[in-house]
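Descriptive analysis of the structure
Now for the letters of each chain:
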Amino acid sequence: MTGYQQARWIDEDKLEPLIFEKSQEGEAGSSPYPEPIEEPDLPKELLREKLSLPELSESEVVRHFTRLTQMNYGIDSGIYPLGSCTMKYNPKISEDLAALEEASCLHPSQPEGTVQGALEIMYRLEEFLAEISGMDRVSLQPAAGAQGEFLAMLITRAYFESRGEERSEVIVPDSAHGTNPASAVMAGFSVTVVPSNERGRVDLDAFKDSISSDTAAIMLTNPNTLGLFEDQIVELVKAAHDVGALLFYDGANLNGILGKTRPGDMGFDMVHFNLHKTFGTPHGGGGPGAGPVGVKKELEKFLPTPLVGYDEENDFYYLDHARPDSIGKIQSFHGNFGVLLKAYAYILLLGASGLVEATEAAVLNANFIQQKLLKTNGYELKYDSDSPCKHETVFSAEPLKKEFGVTAKDVAKRLLDHGVHAPTYYFPPIVPESLMIEPTETESKEELDRFINALKSISEEASSNPEKVLSAPTRTAIGRLDEVKASREPILTWKMYSRKRE
Ligand SMILES: *Cc1c(COP(=O)(O)O)cnc(C)c1O
């Protein structure tokens, strides 16, 4: 029995009521303030006579919130295979470290002499990330992946301005994450989309046709969002550099390459990381993240200010503000220090060999699912079904739609009834009825089997009892909202971004 079923068992017909509805006058838990609080030193007109708060015993409060959490689903409940999101289990010890007073009670304006430990952690994390990515310097400031991309585009602009060149265009493949074109447009560039070939890689000829002396940057994800490695990466990079363009690597999901290859070695000039995907911070729920950006030597001077420096002679870490070519600040102070600390702890915990092992397990898990689903009716690979994937695999549920009218969305909804979180669906838009599956390295074979079996049983059900799939979910706290009519097809299409070349 899953959590929400337990919750319903307590009250069959009704969801958990609001805590205000449960309030009973006079009920109270134990008071933490046995003595009356002193008259507060506040203006009279701002004081309230009475505050209408729910009145419940302590046990009722605990049960109320426990039931609410049981209606939810998270990585601590089971597999969370959202493609391009890297929803993996992160060691709880990192949370303990980030919660330590020494970390959580720092003020970013404290004198450098009082925060040497924090500065040293930032300095060393920068070194780790530079080593992992093959870059020369890293800014830890951006608070999210998209902000990191935006920063890379601002650096691109500053770079060409410093050379007196006017370049207006950024190239992204049609398999790119949606934040890429958005970041480029926000930084004032126009975006040209290049198509993928039948192998799910960037079409090299179309790519060469679309780049010119007006191209400022190329934004690439590798492995791309189909989970496929761009095996022509060397030619792509060379073609871009031949026209003087910069190459930006979207490193949000580094689980596919950690310790195996590096964006810097592939020839990229800039990369962003999502510490809240790959490096130890839970992702989702809108919590704090970090999207550091690494660059090659010639772009270092444009990085946001300050960077952390180290004065070896005096063994002193300091904030280097004297950076006249910097694009300025992209985020207040130094970014989300707690997330940076968790990434530092995570990297130390796993060590170099552990990071490699994580990547190998992430890729193995994705391929295990790919192989099992290839043998399952109803799901198919649209691109290069012969080659192994990297950290994720994108299946199409089109056969189910054609035969039984069951869409990817219906499959996703029915998965919830199996107590499994749905994969990403309808992304990337180049796969019809897409189910984008990223199991990550932290799932056991049993959990992968549970997920695969759920997908198998849904495909069988689609033929024997399609209504059941179409009306799912029925075992969650609530069923479908008013979304039934909406978005059977992806709302966002690349046409919104693409611009015809004159
Ligand atoms: C998640 C993701 C992003 C955006 O990261 P946010 O932290 O959500 O802004 C960019 N690119 C790819 C490939 C991603 O998976």
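How each quantity is defined
- Residues numbered from 1 in each chain as written.
- Predicted model: local features only at pLDDT ≥ 70, side-chain atom pairs only at ≥ 80, totals over all residues.
- Heavy atoms only, no water.
- Pairing = 2+ DSSP bridges.
- Helix = DSSP H or I, 4+ residues; strand = E, 2+ residues; numbered from the N terminus.
- Axes fitted to C-alpha atoms, helices over the stretch in contact; angles between N-to-C directions.
- Contact = heavy atoms within 4.5 Å.
- UniProt positions renumbered as here; feature names shortened; annotations may be inferred.
- Buried < 20%, exposed > 50% of the residue type's maximum accessible area, 1.4 Å probe, protein only.
- Polar contact = N/O pair within 3.5 Å; in protein donor to acceptor, adjacent residues only side chain to side chain.
- Parallel < 35°, antiparallel > 145°, perpendicular 65-115°, else oblique.
- Left-handed = near helix turned anticlockwise from the far one by under 90°.

Ordered in space as β1-β7-β6-β5-β4-β2-β3, the seven strands form an open sheet in which the pairing is mixed. Two strands in the sheet have a free side with no partner beyond their single neighbour: β1 (137–139) and β3 (190–194). Taking each pair of neighbouring strands and ignoring which way they run, the sheet shows an average axis angle of 25°. The strands that helix α6 (residues 116–133) touches are β1 and β6 (270–273); relative to β1, the one it contacts most, it runs at about 120°.

A few words now on the UniProt feature "modified residue: N6-(pyridoxal phosphate)lysine" (unreviewed entry) in the protein. Here, the residues flagged by UniProt with the feature "modified residue: N6-(pyridoxal phosphate)lysine" (unreviewed entry) are K277. One can find K277 in helix α12 (residues 275–278). On the basis of relative accessibility, which here comes to 8%, the residue K277 falls in the buried class. Those residues in contact with K277, other than ones at most four positions away along the chain, are S84, C85, T86, K88, A252, N253 and H283. A polar atom in the side chain of K277 sits 3.2 Å from the backbone oxygen of S84.

Feature annotation in UniProt assigns "domain: Glycine dehydrogenase C-terminal" (unreviewed entry) to the following positions: residues 358–464. The annotated region residues 358–464 carries 50% helix and 11% strand content, and the separation between its end C-alpha atoms amounts to 40 Å.

Attention shifts here to the packing of helix α13 (residues 337–374) against helix α16 (residues 445–464). Orientation of α13 relative to α16, taken along the N-to-C sense of each, is 30°, at an axis distance of 11 Å. Relative to α16, the element α13 lies roughly parallel. Classified by chirality, the crossing of α16 by α13 is right-handed. Counting all contacts with α13, which are made through N365, F368, I369, K372 and L373, the residues of α16 involved are K445, L448, D449, F451, I452 and L455.

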